[in-house]
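Residue strings, one per chain:
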Amino acid sequence: MKKIAIFASGTGTNAENIIKYFIDNKDFNVVLVLSDRIDAGVHSRSAKYGIPSFTFTRKEFNEGGEILKKLAEFDVDFIVLAGFLLKITHAIIVAYPDRIVNIHPALLPKFGGKGMYGHHVHESVITAGEKESGITIHYVNENYDEGQIIFQAKFPVLQTDTIEDVERKTHLLEYRYFPEVIEKLLK
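Procedures and definitions
Residues numbered from 1 in each chain as written. Predicted model: local features only at pLDDT ≥ 70, side-chain atom pairs only at ≥ 80, totals over all residues. Heavy atoms only, no water. Axes fitted to C-alpha atoms, helices over the stretch in contact; angles between N-to-C directions. Helix = DSSP H or I, 4+ residues; strand = E, 2+ residues; numbered from the N terminus. Left-handed = near helix turned anticlockwise from the far one by under 90°. Contact = heavy atoms within 4.5 Å. Nonpolar A, V, L, I, M, F, W, Y, C, P; charged D, E, K, R; others polar. Pairing = 2+ DSSP bridges.

Colleague: Explain the packing of helix 6 (residues 118-127) against helix 7 (residues 163-186) here, please?
Modeller: Axes are the key here: two packed helices are described by the angle between their axes and the distance separating the axes. Orientation of helix 6 relative to helix 7, taken along the N-to-C sense of each, is 115°, at an axis distance of 9 Å. For the element pair helix 6 and helix 7, the recorded crossing hand is right-handed. Contact with helix 6, carried on its side by H119, H122, E123 and I126, involves I163, V166, E167 and T170 of helix 7 and no other residues of that element. A breakdown of the residues in the contact of helix 6 with helix 7 according to their chemical character gives three nonpolar, three polar and two charged.

Colleague: How should the sheet that holds strand 4 (residues 78-81) be read in this particular structure?
Modeller: Backbone hydrogen bonds hold the strands of a sheet together, and the pairing may be parallel or antiparallel. If you trace the seven strands from one edge of the open sheet to the other, you get 3-2-1-4-5-6-7, paired in mixed fashion. What marks the edges here is a single partner per strand, and that holds for strand 3 (53-55) and strand 7 (149-156). Strand-to-strand, the axes of this sheet are offset by a mean angle of 20°, without reference to chain direction. Sheet topology places strand 2 (residues 28-35) next to strand 3; three bridges connect them, and they run parallel. Within strand 3, the residue paired with L34 across the bridge is F54.

Honestly, that's just the spatial picture; any functional story needs more than this.
Here it is, written out as structure tokens:
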């Protein structure tokens, strides 16, 4: 069985969706959730499914050793970033080459980079007058949102759409496609 670790910083809706998708899968399973925030909602979401979750400090993350030990302890094969806001360190990238994926709430290369997450992205899409937006699933490298694109899905942005409308449409695509793309990558 291939074992997945999810890194998340926030409420954990994408993480929970992925956990539920793989919960009864005999080939792939989420075994660990890691977060940089002790109060992140992802901890309670993972606990509902019996998935252990741990919080690490920024120092532990930057040094990488403790994170790599935890990943090794759970025999993790693949890392999924689901609303994780920190840039992945060199040590983790080297340990998991082409085995770390992220989802971004826009059509990269537009609206990516440091500080471009959540409502910041959706607000930028609306302000720029974009006619479409969507999601991008990509491999993670040492730069924010610059890894090789694996998959994109689009939706139209209407002139009447609010930030909340764009966010809702984005979440629908994330929940539909992210687990499926992860599964294809693991096969």
